[in-house]
Amino acid sequence: MILTAEVHTLTLSAIFLALGLILPFLVFQIPAIGAMLLPMHWPVFFAAYVCGGRYAALIGFLCPLLRSALFGMPAMFPNAIAMAFELAAYGAVTGMIYHRSRTKDLKTIYLSLISGMIAGRIVWGIAETILLSTGEAHFTFQAFLAGGFLNALPGIILQLILLPVLVNRLRKTGHLH
């Protein structure tokens, strides 16, 4: 039984990783809004709820690095590297809070999602600061606000509206524990 559950989780993790590699192709057909929709974030958040924090963290870390190595986007330095830490934090924090909670209600879904979003953006800001501290470019607080929040606002709003509804629906139909 344990082996079956592990195979199931690994299979779902592979699907979420593949989605993280493919979804940017779909949304970047409209470049003006593609990046705002945060296409790699969605599979990581879903993985956090479905597979747990450990798997989601690994998916989040690998996705931007693999996408950069395979397709050249995002640029490896500093974008993909910083995103790897950001998405890993999303997955780890969201999954940990959700799966450790006794109740798996809508309130817990929102709490885990918002906590994961905040943690991921803080980690991204720290990673960008470290990565850009060695060269001529510097990562400012204004760049943090623009890159972490203002430019991403449409995607953040969509995630806050759609993810909890979809996760709650999966939970109610028995596809999520």
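Residues numbered from 1 in each chain as written. Predicted model: local features only at pLDDT ≥ 70, side-chain atom pairs only at ≥ 80, totals over all residues. Heavy atoms only, no water.

A.B. asks: Would you mind showing me how to read the overall build of the protein here?
C.D. replies: Within the protein, the secondary structure is distributed over eight helices and zero strands. Along the protein, helices (α) and strands (β) appear in the sequence α-α-α-α-α-α-α-α when read from the amino end. Its C-alpha radius of gyration of 16 Å places the protein within 12% of the 16 Å reference for a compact globule of 177 residues. Along the first, second and third principal axes, the C-alpha set of the protein runs to 55 × 30 × 30 Å. (Helix = DSSP H or I, 4+ residues; strand = E, 2+ residues; numbered from the N terminus. Rg over C-alpha atoms; globule rule 2.2 N^0.38 Å.)

A.B. asks: Before we go on, may I ask you to explain the packing of helix H3 (residues 41-50) against helix H5 (residues 76-100) in this structure?
C.D. replies: The relative placement of two packed helices comes down to the angle between their axes together with the axis-to-axis distance. Orientation of H3 relative to H5, taken along the N-to-C sense of each, is 30°, at an axis distance of 8 Å. Here H3 is positioned roughly parallel relative to H5, judged by the angle of their axes. Remark: the crossing between H3 and H5 carries right-handed chirality. In this structure, H3 contributes His41, Val44, Phe45, Ala48 and Tyr49 to the contact, and H5 contributes Glu86, Leu87, Tyr90, Gly91, Thr94, Gly95, Tyr98 and His99. When grouped by side-chain class, the residues that make up the contact of H3 with H5 number seven nonpolar, five polar and one charged. (Axes fitted to C-alpha atoms, helices over the stretch in contact; angles between N-to-C directions. Parallel < 35°, antiparallel > 145°, perpendicular 65-115°, else oblique. Left-handed = near helix turned anticlockwise from the far one by under 90°. Contact = heavy atoms within 4.5 Å. Nonpolar A, V, L, I, M, F, W, Y, C, P; charged D, E, K, R; others polar.)

A.B. asks: Where do I start with the environment of Leu3 in this structure?
C.D. replies: Assignment of secondary structure puts Leu3 in helix H1 (residues 2-27). Along the sequence, Leu3 and Ser68 sit 65 residues apart, while their C-alpha atoms lie 33 Å from each other.

A.B. asks: Teacher, can you tell me more about the UniProt feature "transmembrane region" (unreviewed entry) in the protein here?
C.D. replies: Sites flagged by UniProt as "transmembrane region" (unreviewed entry) map to residues 12-38, 45-70, 76-97, 109-127 and 139-167. Here residues 76-97 is 100% helix and 0% strand, with 30 Å between the C-alpha atoms at its ends. The annotated region residues 109-127 carries 100% helix and 0% strand content, and the separation between its end C-alpha atoms amounts to 27 Å. (UniProt positions renumbered as here; feature names shortened; annotations may be inferred.)

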